[in-house]
Structures are given as C-alpha cells and as structure tokens.
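# Observations on the model geometry
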Amino acid sequence: MADPKGFLTTGREVAETRPVAERVKDWNEVYVPGSLLPIISKQAGRCMDCGIPFCHNGCPLGNLIPEWNDYAYREDWSAASERLHATNNFPEFTGRLCPAPCESACVLGINQPPVTIKNVEVSIIDKAWDSGDVTPQPPERLSGKTVAVIGSGPAGLAAAQQLTRAGHTVAVYERADRIGGLLRYGIPEFKMEKVHINRRIEQMRAEGTKFRTEVEIGRDIDAAKLRRRYDAVVIAAGATVSRDLPVPGRELKGIHFAMEYLPLANKVQEGDFVAPPITAEGKHVVVIGGGDTGADCVGTAHRQGAASVTQLEIMPRPGEERNANQPWPTFPMLYKVTSAHEEGGERIYSVSTTHFEGDEDGNVQFLHLVEVEFKDGKLEQKPGTERKIPAQLVTLAMGFTGTDQSNGLVRQFGLELDERGNIARDADYATNVDGVFVAGDAGRGQSLIVWAIAEGRSAARGVDRYLTGASELPAPIRPTDRALTV
Ligand SMILES: Cc1cc2nc3c(=O)[nH]c(=O)nc-3n(C[C@H](O)[C@H](O)[C@H](O)COP(=O)(O)OP(=O)(O)OC[C@H]3O[C@@H](n4cnc5c(N)ncnc54)[C@H](O)[C@@H]3O)c2cc1C
Ligand code: SF4
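This one's a predicted model, so the numbers in the text were calculated from it and none came from an experiment.

Split by domain assignment, the protein resolves into domain 1 (6–131), domain 2 (146–240 + 403–468) and domain 3 (244–398). With twelve residues of domain 2 in contact, the opposing surface of domain 3 contributes twelve residues. Contact between domain 2 and domain 3 buries roughly 1100 Å² in total, counting both sides, with carbon and sulfur atoms accounting for 51%. In terms of surface lost to domain 3, no three residues of domain 2 exceed Arg178, Tyr185 and Phe190, which account for 48% of the buried area on that side. Counting every contact that joins domain 2 to domain 3 gives five salt bridges. Of the charged contacts, one joins arginine 184 and glutamate 270 as a salt bridge, the two residues approaching to 2.9 Å between their closest N and O atoms. Taken together, domain 2 and domain 3 are joined by seven residue pairs in polar contact (both at pLDDT 80 or more). The residue inventory of the side of domain 2 that touches domain 3, partitioned by class, reads five nonpolar, one polar and six charged.

Listed below in structure tokens is the structure:
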C-alpha cells in the first residue's frame, strides 16, 4: 500500500491548467507543463490499495492501478512504467484523453474525492519517455505469419503492436495521409499534442510494424485480394459515418459535420495549411451536439477567434451529483465542464433545431430552434418557444452511425453487420469471414480510446490464436463485457 494515511491527510489535487486568456491564443495542451510531477507522488499516496480494487473493473484495460500508484508514491518511476505498460500500450493517450471511468469506480470516491488516477497515469508515462524508459521491444523471433491491419486509430495501433511483438509481420493500412485515426484528425492539439503519436509510431516502426498511408482498402486495394495476401486481417476502420440533421436549410453554405471542420484545424497544426479552409474567425458559431466532439468544436472555434460560440443539446442538462439510477461504482452521466467550456461560450439544453435560414448568397445566417421536453417517454416540442439565433458557421456533432460502407470494405469481404450497423464479431473478435477480425469503433460503434486500445489488444490475442493455435497475449475485454464502465 502506498501511504497508509494518505487518503486521510492529503486532499485531491489535479493538473493545473494555463490561464484561459493565454491558452486560447495557442494550440498547445491546456495544462501547465511540469505542474503535475511535484504533487503526483502524494496524490498516488491517496490510493487505499483496496482488497477489491473496483478501479480495475472500471478501467476497460484492467489497468493495475493500485500497483502503479504504489510505485508512483515511492517515486520508482521505472517500475511504475513497467506495470502500466503491462496492460496499456499507449498510456500517454489515455492519461490525457480518457474520461477516467476508473475514478468513478474508486472506492475512496464513495465519500471523498477519488484518487486522481488519470493524472498519475500520465505522469508515469511522461516521466518514462523523458528518462528513456520507453524503448522498442522487437520480437525475439518471427513466426513467418503476416497480418494486415486496416485503420491506424488506437484500436489498429494496439492490435499491430501486440501482433508485431508476438512475432508476426504486420502492415497497417491507413486511408488518411498520416497515421493515428481520430487521435490525429479529430482530437484537437490542445487536448493532445501530436508529438505523442509520432514518437509511438517511431517506436512501432523500430519494432518492425510497417505503415502504408493513403491506401483505402475497398477502393485502392480490393478487400478480398488483401485477405488472400495476408494470413489474417484486423479491421480497425472506426465508425466514421457522421449523423446528419436533415432539416430545411441543411444545404446552406457554412453547415458542416464536425469531422469536416476539426481535421482541417489539425492539418493547420501539421503545417499543411497556413489558414484553415473552414474557419470560425469573426463568425457566430453554433455547435449542435453536447458531447466531446461538440466540446472539441467549441475549443477550436475559440482559438480561431469566433465572435460567439453556442453549443446546443437536445437532452436536458445532466445533474452534478450521481442520481439513484447511477450509483457508485458505475460511470455516471454528469454535467461536465471541459477545458473548452471554461474558455467561454454558451450551452443551451433541451432544444431542437427546426431549420436554418440563409442570405441571398446561400450562406447560413440563423438557426431556428425550439425547446423540447420528455412527455410519456417521448421528446415533444414546447409550443411558443421557437426562436432564432445567429449562426454563420454550424458544426454537426451529433454522433456517428457506424462503419463507412461507401467503399467496398464491407461488401468485398462479405462481412455481416449487427443490428446497430457495426461489423458483427464473436467473443474472439472474429467476423463471419475466416481469418478476418474486427476491433474498436468498427465493431463496437463510436466509443472511447480506452475501449479501442482494449479491443485492439484483445483482438490481437484472437488473431495470434488463429495463426498459431495458442496465444500468450492478454485479452483484457470481450465484446460483450460492459463491466462498470461507459
Ligand atoms: C472529435 C472527437 C473527439 C474525441 N475525443 C475523445 C476523447 O477525448 N477521449 C476518448 O476516449 N475518446 C474520444 N473520442 C472517441 C475516440 O477517438 C474513438 O473512440 C477512437 O479513436 C476509436 O478508435 P478506432 O481505432 O476504433 O477508430 P478511429 O480512431 O476512428 O480510426 C479508424 C481509422 O481507420 C481508417 N480507415 C477507415 N476505413 C479505412 C479503409 N477502408 N482503409 C484504410 N483505412 C481506413 C480511418 O481513416 C481512421 O484513421 C473522440 C472522437 C471524436 C470524433
Ligand atoms: S485508461 Fe482510463 S479508465 Fe483506465 S486507468 Fe487510465 S484513465 Fe482510468
């Protein structure tokens, strides 16, 4: 156990963020660099090393949280990093981006603020990179088997790293021009600077993983042909089809899916453009959708110099405390103030968009909305509450409907889909097609990075067993597991 009295003597402290006025002028991560390390050992010391650590179950990766809290408390960073990597290939991604369902399941959280597990995680991995502890781990011998991974988001990268380390020859195919999936194009720089992806890719290359960008399977390469060329295939193509809002005026200029808007801002940071082709500069911006993707649009619009930013959500505002339906240790739906919300803008709940209004040149100018309420389990409009708000840039961040079927990926393989439109799989992540597996959002539907990594690791075990008849790779999670988490 870290510090037997830590939870009694130390209060919860989290990473310090930079002043809003400073950080909206740049794209760097919002945290004060170096602010965590001086406090983190004491924070790790708050861990009670519970007999039954519910945090393990809260984390989809089954991270060994009390073990690395103990090492972090003792400042044995090298041992902490070894324990962290035992279950998580990329803790620098989750330590920055995970909503931390582990903290919702922390036993200390029953009657006190929980251990700041996510901050401990990111401190351990940042320290490990700084001290040179993260090195390539190439396999001792090769199996002679080949695997193609389709998609280079967290699921594809985790599967590829596990399979490469198990001795298989792995090539990752990515249709975008850079590796990383939504980590690269979607999640803004101020949430995670891309240097963290780049150095992992360097590590993976040094281990032997091959990367092929700008190759779309199902369009540039026939999927069935790919299957014949490789001994096994992992599909980690995400759930990239955005949900649309088919109301009058949707065709006006200035209304975009969030995933048309956000990647362009990422590309400016990569040096591809001087200015983004779609920008919020000087405009009244309305973001439709109250989730994380919407919050990323809000933070991006602030940095581009929007005149105003309004975020709309059809559901009522969540509460600030757990309610009876969401008891400890489940992950509750609570009112969240992200770093983007701290930076300004207005959030409007329980409203629905009825239509858009444009000017004579076809540019959107106003969004018309109406208040809604649940009546007998159905969402109904409240008469007399219609109004319009200025909207010169609208982003649609209302979720994703499933795997992209505009290319031949699903058809050429002959894949079965489940009732939600995701690629169907069994408990070993195998699809209906022999030797073809699926991991991450492509099989699960739009979810979280931590789930994508957990699924990539688990699918790798399924593939390894398929190729060799047995596997020593860990499988943290089965497709049907929902545990205590989101
Ligand atoms: C804007 C945004 C912000 C988010 N923020 C967070 C967050 O803060 N925390 C969190 O936990 N989760 C967040 N998420 C969710 C998280 O990013 C996803 O759940 C996660 O990235 C899924 O990983 P994946 O590997 O399954 O798919 P993806 O990351 O979507 O990667 C799939 C990749 O496959 C490629 N691809 C698709 N089809 C083909 C093909 N036919 N051939 C070749 N390549 C192909 C795509 O180009 C893409 O690069 C966010 C999502 C969005 C959209
Ligand atoms: S990956 Fe997420 S759930 Fe798991 S320990 Fe880290 S922050 Fe917690």
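Around ligand 1 sit 34 residues in total, of which Leu97, Glu174, Lys191, Ile217 and Asp441 are the nearest. Between isoleucine 217 and ligand 1, the recorded distance is 2.9 Å, taken from a backbone N or O atom to a nitrogen atom. Aspartate 441 is positioned such that a nitrogen or oxygen atom in its backbone is 2.8 Å from an oxygen atom of ligand 1. Residue assignment for the shell around ligand 1 shows that the elements contributing at least two residues are helix H10 (154–165), helix H13 (258–269), helix H14 (292–303) and helix H18 (449–468).

Spatially, the five strands line up as an open sheet ordered E6-E14-E7-E8-E9, and their pairing is parallel. Strand pairing shows two members of the sheet lacking a second neighbour, strand E6 (255–257) and strand E9 (346–348), which therefore form its edges. Ignoring strand direction, the axes of neighbouring strands in this sheet form an average angle of 20°. Most of the contacts of H13 go to E6, to which it runs at about 80°, and overall it touches E6 and strand E14 (393–396). Packed on one face of the sheet, H14 meets strand E7 (284–288), strand E8 (308–312) and E14 and runs near 175° to E8.

Rules behind the numbers
Residues numbered from 1 in each chain as written. Chains lettered and ligands numbered in written order. Predicted model: local features only at pLDDT ≥ 70, side-chain atom pairs only at ≥ 80, totals over all residues. Heavy atoms only, no water. Domains from an automatic or database assignment. Contact = heavy atoms within 4.5 Å. Buried area = accessible area lost by both parts, 1.4 Å probe. Salt bridge = Lys/Arg side-chain N within 4 Å of Asp/Glu carboxyl O. Polar contact = N/O pair within 3.5 Å; in protein donor to acceptor, adjacent residues only side chain to side chain. Nonpolar A, V, L, I, M, F, W, Y, C, P; charged D, E, K, R; others polar. Near = heavy atom within 4 Å. Helix = DSSP H or I, 4+ residues; strand = E, 2+ residues; numbered from the N terminus. Pairing = 2+ DSSP bridges. Axes fitted to C-alpha atoms, helices over the stretch in contact; angles between N-to-C directions.

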